[in-house]
Amino acid sequence: MKDIKMIVTDMDGTFLNSKYEVSPEFPEIYEELKKRDILFVPASGRQMSGITKYFGKIESEIGFIAENGGYIIYRNKEIFADRLEQNSIADIIKKIREIPSARAVLSAKANSYYESDDQDFVDYFSRYYTKNQKKKDLTEAVDDSVFKIAVYHPVSSEEFLYPELKKFENENLAVVVSGKYWVDIMNKHTNKGIAIEKLQKSLNILPEETMAFGDYLNDIEMLKNARYSFAMKNAHPSVKEAAKFEACSNDSFGVTETIKNYLNQQN
């Protein structure tokens, strides 16, 4: 393993531990990456502000992939921004309302939008969608660029959401299980793998020079675009099957441990 130029990592369940904390060793490790001109890129289903808040001091130095690939920024410059069609949004929201206990969030550039009166849900999703606004009716257009619809279920997204929402998969839309409680619906050409490709091409970085870390199904395309692909020990079985290597769990800060080991091997 050598000549790494870009390291991409999912956030929840991967880079962050179960308490949503960054490894205390990361600042020192990042400085070493910077010295070696290795780009660090967090890649998440979160909205952009829900990612950048963890990297305030270095935000202008690194890249970010938000909204499962729908929004890409590199050194404060927008590289790509996607947008869902309003007629698709309205149809999907109507279906979500029919699913018991399901809750919807429209994730957009300026804000995220919700219509639920369930305060427990609002408190929960606000961890990930830090800029949010309540709307009376999510089927009505918002004056914003909506990247995706994030759908929450308090028990299981695979069991209760995906079977009901997979009918929206077509030539234009993708429906992806992005976590134990979440399904994301976005444009077909939007995923973390394509986002990495866009960054790789714009920065002249090869998959052979890329390291990537993930834990859930929305990370699989991303892992396929990196020669050095790592599934976390706590990852979904399908992610472990897709990855070439395994890292320690997120609660053992497996991402920073793996990067540290790589840097030590290069000394």
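Quick note: structure is the one above.
Before going into details, it helps to say that this report is about the structure given with it. (Residues numbered from 1 in each chain as written. Predicted model: local features only at pLDDT ≥ 70, side-chain atom pairs only at ≥ 80, totals over all residues. Heavy atoms only, no water.)

## Thoughts on the overall build of the chain
Next up, step 1: Broken down by element type, the chain carries 11 helices and 14 strands.
Next up, step 2: Radius of gyration (C-alpha) of the chain: 18 Å, near the 18 Å computed for a compact globule of 267 residues.
Next up, step 3: Dimensions of the chain, computed from C-alpha atoms along their principal axes, come out at roughly 55 × 35 × 35 Å.
Next up, step 4: Put simply, the chain has 267 residues, and 57% of those count as buried.
Next up, step 5: Sequence-distant contacts, at least 24 apart, represent 58% of the contacts inside the chain between residues at least 6 apart.
Next up, step 6: Accessible area of the chain: about 12200 Å², with a carbon and sulfur share of 44%.
Next up, step 7: Where the 36 positive side-chain charges of the chain centre and where its 42 negative ones centre are 2 Å apart. (Helix = DSSP H or I, 4+ residues; strand = E, 2+ residues; numbered from the N terminus. Rg over C-alpha atoms; globule rule 2.2 N^0.38 Å. Buried < 20%, exposed > 50% of the residue type's maximum accessible area, 1.4 Å probe, protein only. Contact = heavy atoms within 4.5 Å. Areas by Shrake-Rupley, 256 points an atom, 1.4 Å probe, with all protein chains shown as cover. Lys, Arg positive; Asp, Glu negative; His and termini not counted. Charge placed at Lys NZ, Arg CZ, Asp CG, Glu CD.)

## Observations regarding helix α8 (residues 192-203)
Next up, step 1: Helix length check: α8, at 12 residues, gives a terminal C-alpha distance of 16 Å against a target of 16 Å (1.5 Å per residue), a fit within 8%.
Next up, step 2: In this structure, the buried side of α8 is in contact with β1 (6-9), β2 (39-42), β3 (63-66), β4 (71-74), β12 (210-214) and α9 (220-224).
Next up, step 3: Here α8 starts with a cap whose side-chain oxygen sits 2.8 Å from the backbone nitrogen of Gly193, and that cap is Asn191.
Next up, step 4: Directly beyond the C-terminal end of α8, a positive phi value near 60° is found at Asn204. (Expected span 1.5 Å × (residues − 1). Polar contact = N/O pair within 3.5 Å; in protein donor to acceptor, adjacent residues only side chain to side chain.)

## Some points on the side chain of Arg46
Next up, step 1: With respect to the secondary-structure elements, Arg46 resides in the loop between β2 and α3 (48-52).
Next up, step 2: Polar side-chain contacts of Arg46 include one of 3.3 Å to the backbone oxygen of Arg127.
Next up, step 3: Residues in contact with Arg46, not counting those within four places in the same chain, are Asp12, Leu16, Tyr20, Ile51, Lys53, Tyr54, Ala66, Glu67, Arg127, Tyr128 and Lys148.

## Section: the packing of aromatic side chains
Next up, step 1: If you walk through the whole model with that rule in mind, you get 24 aromatic pairs.
Next up, step 2: A ring pair is formed by Phe26 and Tyr30, whose centres lie 6.1 Å apart and whose planes are at 40°; its orientation type is tilted. One end of the pair, Phe26, and the other, Tyr30, are both in helix α2 (residues 26-35), 4 residues apart, so they sit about a helical turn from each other. Accessibility classification places Phe26 together with Tyr30 in one group, the buried group.
Next up, step 3: Measuring from centroid to centroid gives 5.0 Å for Phe213 and Phe230, while their planes differ by 20°, and the two rings are stacked. In this pair, Phe213 is assigned in strand β12 and Phe230 in strand β13 (residues 228-232), connecting sequence segments 17 residues apart. Phe230 shares its class with Phe213; the two are buried.
Next up, step 4: Joined through ring pairs, the aromatic side chains of Tyr20, Tyr114, Phe121, Tyr124, Phe125, Tyr128, Tyr129, Tyr152, Tyr181 and Trp182 make up one cluster.
Next up, step 5: Lying over the aromatic face of Phe80, Lys198 brings its terminal NZ or CZ to 4.4 Å of the ring centre. (Phe/Tyr/Trp six-rings, centres within 6.5 Å; stacked < 30°, edge-to-face > 60°. Lys NZ or Arg CZ within 6 Å of the ring centre and 35° of its normal.)

## Notes on the sheet that holds strand β11 (residues 182-187)
Next up, step 1: Judged by pairing direction, the sheet is mixed, and its 6 strands sit side by side in the order β8-β7-β6-β9-β11-β10 without closing on themselves. The sheet is open, and its two borders are formed by β8 (132-134) and β10 (173-177), each paired with just one other strand. Taking the axes of each pair of neighbouring strands and ignoring which way they run, one obtains an average angle of 25° across the sheet.
Next up, step 2: Relative to β11, strand β9 (residues 146-152) runs antiparallel, the two sharing 5 bridges. Counterpart to Ile149 in the pairing with β11 is Ile185.
Next up, step 3: Strands in contact with helix α4 (residues 86-96) are β6 (103-108), β9, β10 and β11; relative to β9, the strand with the most contacts, it is inclined by about 5°. (Pairing = 2+ DSSP bridges. Axes fitted to C-alpha atoms, helices over the stretch in contact; angles between N-to-C directions.)

## Concerning unusual backbone geometry
Only a minority of non-glycine residues have a phi that is not negative, and only a minority of peptide bonds are not trans.
Next up, step 1: The backbone phi angle of Ser101 is positive, close to 75°, even though this residue is not glycine.
Next up, step 2: Mapped onto the elements of the fold, Ser101 is located in the loop between α4 and β6.
Next up, step 3: Look at Ser101 and you get partly exposed, because its relative accessible area is 40%.

## Considerations on the sheet that holds strand β14 (residues 245-247)
Next up, step 1: Strand order in the open sheet made by the 5 strands is β2-β1-β12-β13-β14, with parallel pairing throughout. Edge positions in the sheet fall to β2 and β14, since each of these pairs with one other strand and no more. Sheet twist, expressed as the mean angle between neighbouring strand axes with direction ignored, is 20°.
Next up, step 2: Where β12 meets β13, 4 bridges bridge the pair, whose relative direction is parallel. Bridging from a neighbouring strand, Gly214 pairs with Ala231 of β13.
Next up, step 3: Where α8 meets the sheet, its contacts fall on β1, β2 and β12, and the angle it forms with β1 comes to roughly 165°.
Next up, step 4: The sheet strands contacting helix α11 (residues 254-266) are β1, β2, β12, β13 and β14, and the helix crosses β12 at an angle near 155°.

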